[in-house]
Structure formats: structure tokens, C-alpha cells
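Here is how the chains run, residue by residue.
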Amino acid sequence: MTTAEAAARLAAMDQVLILTHVRPDGDTIGSAAALCCGLRALGKTAYLLPNPELTATYAPYAAPYLAEADFAPAYVVSVDIAALSLLPENARPYQDRIALAIDHHPSQEFFARETCLEADSAACGEIVYDILRQLTPLTPEMALPMYVAISTDTGCFVYSNTTPRSHRIAAQLMDCGIDVAPVNKALFRTKSAVRLAMEARMVAGMERCDAGRVVVMQIPLSLRQELHATDADIEELSALAAQVEGTDCGVTLRELRPGTVKLSLRTGPRVNATEVCRLLGGGGHAAAAGATVSGTMAQAKSAVLAAIAQVIGPLAP
């Protein structure tokens, strides 16, 4: 489905509930908030389903649009969600009612009745931008969360997924009159003392494999408990391993609970992160993907290294 077709579908909807994914990031929250704001500008009733894992970082963007417990939607829309396994627990009652999925992940599983997929978009926010532009004049209230969506999924426009289109859309959003300086400072130039302490421990315990080209960092549950780290302290730590000089495959293992590990890959052209994570039941993009596996941290590390070797061939000593 094209963005024009998605815009037409949305224009015919009312009483809309918008879903975001587990461990929500700036793209899913920003896209959902902007879309909700745009639908309301059309006179529609629209809300975001409250996400139980929403952190303080992105809560302000979702706050004006959160649904009350008794809201009964006529239509359900998902944004930035590639698979039903990525729905929060409170969204599962709606999984068979999703009328439209808006997404940019190549690993999209086409679970909705209709899907607007643009896998070459750097962020779901870029797709939402194209949709809203066809529905209503953009306002600062729509532009700011869209900027959050695009800037976070491109690492403030430095990740390899950033395109000329990403910059053009960001410029057009800024032309709406939004002040991006506080957003950029809060999202990209501010870290809590706990976050810095976690980074130091992760670096101290990192392992280098494949002649240094693969770097593995770990966030055991005990570290989070020791430092009293919140979800906001942990956001975007998955990008740290790939920043080590000489690596083109950064692996972050985060213990969610005993026996369950979330793994994240950030890679260069040599390693297709989507293919690696697909072997482990996950998905994402060629340069950024993830999966959740059962087992200990050691077992998760062995599994992801084996998957990398399966995709690119034997790893060097």
C-alpha cells in the first residue's frame, strides 16, 4: 500500500487507537503522537494505547494523546511494529483487529489487514510525514514528534540509514517553527550519571571477537540492580559496542529477566543484522536489528556469535 492509499484509509477512519511497540523508542512514540495529532486535526477521535514501558524520555510526546481505559476503538493502527511479538502485553487483545500497519522494517510480517511498508525509509516517522502531508497542513504539534521519530532512528542524522530525504524532511519540519535545540540536547547530548557508569562497566567487560571486528558488550540484570538504573538510563546503550574503533559488528546483550536476553546488533556492510537476528527469531534492518532469546547471557552470546558465523562465514580467532 502506498502512502496515498494509507492516507485515504485513515481519512475514512474514526475512533482510532494507535499501538506502539515494546521498549518504545523515539520512532514509535514520535510517529504515533504525530499521527494521532494529525487525525485529531481532521476532527477524528484518536488516542495512543498507553505503553507500560514508556520512559520519561519520550513520555512528554505521548502524554497528550493517551487513551482512557474505557476507550472502545472502531479502528486499530500500529506504527513501527514489524511483528505481533513486539506488541506490549496490553496491546495483545487488539492483535487481530489491526486495520493498518505503518512500518519501515524489512522484517515486517504483514499481520495487519493492510500494510503501508517503506523499507527504504530511515524511520517510520518519514512515512508518517508523507501520510500527514496528504491529509492536513502540518503544525508544530505534529512536526515536533515527527522530528523526534526521525532524529532518534538516524542517531541525530549520523547513522548509515540517513538519506538526503531524511535531511529534507527534517528541514521541512523545522520550517514549521519547532525548536529542535532542546530536543537534540536532551536526546543526544545529555546522559545521567548512572548511564555513564553503565557505559564504563560495559566497556570494561567488553569482548572482542573475529580479529576485533565483532565487539560484544553485556548488561546483566545484576548491573542494572546494582546501579539502580531505570529504563531511561538504558536507552540507546545498544549503539555503544559499534562505536569501538575497528569493529563493524557491535553486539549488546541485555538480560531482561533470568533466562531471557535481548540482543541488539549494530553493523556495517559486512554483516547483515537482519539476517543474523532472523536466525534467532528477531528482525530489523540490515544495519540495526534485534532478537529476544531464552537462556543465560553466556548461551545468548554463543547463539549470536554462531548466527553471525552462519551469515558471514567462520569468525577469525
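Okay, so let's go over this structure. Going along each chain's sequence as written, the residues are numbered from 1 onward. Given that the model is predicted, a residue must reach a pLDDT of at least 70 before its local features are reported, and side-chain atom pairs must reach 80 or more before they are shown or counted; all residues, however, enter totals for whole chains, interfaces and linings. Side-chain metrics rest on all non-hydrogen atoms present in the structure, leaving aside hydrogens and water.

Some details on the overall build of the protein chain
Then step 1. Of the regular secondary structure elements, the protein chain holds 12 helices and 11 strands.
Then step 2. The C-alpha atoms of the protein chain give a radius of gyration of 19 Å, which matches the 20 Å a tight globule of 317 residues would have.
Then step 3. Viewed in the frame of its principal axes, the protein chain has a C-alpha envelope of about 60 × 40 × 35 Å.
Then step 4. Burial statistics for the protein chain: of 317 residues in total, 53% are counted as buried.
Then step 5. When contacts within the protein chain are restricted to residue pairs at least 6 apart in sequence, those whose partners lie at least 24 apart make up 65%. Secondary structure elements follow DSSP: runs of H or I of four or more residues count as helices, runs of E of two or more count as strands, with numbering from the N terminus. Throughout, the radius of gyration refers to the C-alpha atoms, and the reference size of a globule is 2.2 Å times the residue count to the power 0.38. Throughout this description, buried means an accessible area under 20% of the type-specific maximum (1.4 Å probe, protein chains only), exposed means over 50%, and partly exposed covers the range between. Any two residues having at least one pair of non-hydrogen atoms within 4.5 Å are treated as being in contact.

Quick notes on the sheet that holds strand 11 (residues 288-294)
Paired through backbone hydrogen bonds, the strands of a sheet run either parallel or antiparallel to each other.
Then step 1. Pairing between strands is defined by DSSP: at least two bridges between them are needed. Read from one edge to the other, the open sheet built from six strands follows the order 6-7-8-9-11-10, with strand pairing classed as mixed. Of all strands in the sheet, those with a lone pairing partner are strand 6 (207-209) and strand 10 (283-284), marking the two edges.
Then step 2. As paired elements, strand 6 and strand 7 (residues 214-219) share three bridges and run antiparallel to each other. Across the sheet, C209 pairs through a bridge with V214, a residue of strand 7.
Then step 3. Angles run from 0 to 180 degrees between N-to-C directions of axes, and those axes are lines fitted to C-alpha atoms, restricted for helices to the stretch in contact. Across the sheet, helix 8 (residues 193-204) touches strand 7 and strand 8 (249-257), and the angle it forms with strand 7 is around 130°.

What to know about the packing of helix 4 (residues 124-133) against helix 6 (residues 164-174)
Then step 1. At their nearest, the axes of helix 4 and helix 6 sit 11 Å apart, and the two run at 55° to each other. One way to sum up the angle between helix 4 and helix 6 is to call them oblique. Two packed elements cross with a definite hand, and for helix 4 against helix 6 that hand is left-handed. Residues E126, I127, Y129 and D130 of helix 4 form the contact with helix 6, whose own contacting residues are R165, S166, I169, Q172 and L173.
Then step 2. Across the contact of helix 4 with helix 6, the residue classes break down as four nonpolar, two polar and three charged. Roughly parallel means an angle under 35 degrees; roughly antiparallel means over 145; roughly perpendicular covers 65 to 115; every other angle is labelled oblique. Each helix crossing is assigned a hand: it is left-handed if the near helix lies turned anticlockwise from the far helix by less than a right angle, otherwise right-handed if that turn is clockwise. Only Asp, Glu, Lys and Arg are considered charged in this grouping, and only Ala, Val, Leu, Ile, Met, Phe, Trp, Tyr, Cys and Pro are considered nonpolar; every other residue, Gly among them, is considered polar.

What about the nonpolar core?
A general trend in soluble globular proteins is that nonpolar side chains are found buried together.
Then step 1. To define a nonpolar core, start from buried Ala, Val, Leu, Ile, Met, Phe, Trp, Tyr and Cys residues and group those joined through side-chain atoms within 4.5 Å. Ranked by size, the top nonpolar core spans 48 residues in total, and within it L10, I18, L35, I102, I131 and L173 carry the most contacts.
Then step 2. Ranked by residues supplied to this core, first place goes to helix 2 (residues 26-41) with eight residues.
Then step 3. With residues up to four places along the chain from it excluded, the contact list for L10 reads L35, L39, K44, V77, L100, I102, I131 and L135.
Then step 4. One finds L253, V271, V276 and A289 within the second-largest nonpolar core, a separate group that totals 23 residues.

Quick word on helix 2
Then step 1. Multiply 1.5 Å by the residue count of a helix minus one, and that product is the helix's expected span. With 16 residues, helix 2 extends 22 Å from end C-alpha to end C-alpha; this agrees with the ideal 22 Å at 1.5 Å per step.
Then step 2. With 14 of 16 residues buried, helix 2 is to be regarded as a mostly interior element.
Then step 3. Think of a polar contact as two N or O atoms within 3.5 Å of one another; within protein, one of them needs to be a possible hydrogen donor and the other a possible acceptor, and neighboring residues in sequence only count if both atoms come from side chains. In this structure D25 caps helix 2, since a side-chain oxygen of it lies 3.3 Å from the backbone nitrogen of D27.
Then step 4. Downstream of helix 2 by a residue or two, G43 has a phi angle that is positive, lying close to 90°.

Focus on the pairing of strand 3 (residues 75-79)
Then step 1. In terms of burial, strand 3 is largely enclosed, as four of its five residues are buried.
Then step 2. Pairing between strand 1 (residues 16-19) and strand 3: four bridges, direction parallel. Along strand 3, the bridge assignment pairs L17 with V76.
Then step 3. Where strand 3 meets strand 4 (residues 98-103), four bridges bridge the pair, whose relative direction is parallel. Looking at the pairing, V77 lines up with L100 of strand 4.

Focus: the sheet that holds strand 1
Then step 1. In space, the five strands of this open sheet follow the order 2-1-3-4-5, with parallel pairing throughout. Every interior strand has two partners, whereas the edge strands, strand 2 (46-48) and strand 5 (114-117), have only one. Each adjacent strand pair in this sheet contributes to an overall mean axis angle of 20°, direction not counted.
Then step 2. Packing against the sheet, helix 2 makes contact with strand 1, strand 2, strand 3 and strand 4, and its axis sits at approximately 165° to strand 2.

What to know about the pairing of strand 4
Then step 1. Within strand 4, six of the six residues are buried, leaving the element largely enclosed by the surrounding structure.
Then step 2. Here strand 4 pairs with strand 5 via four bridges, running parallel. Paired with I102 across the bridge in strand 5 is C116.

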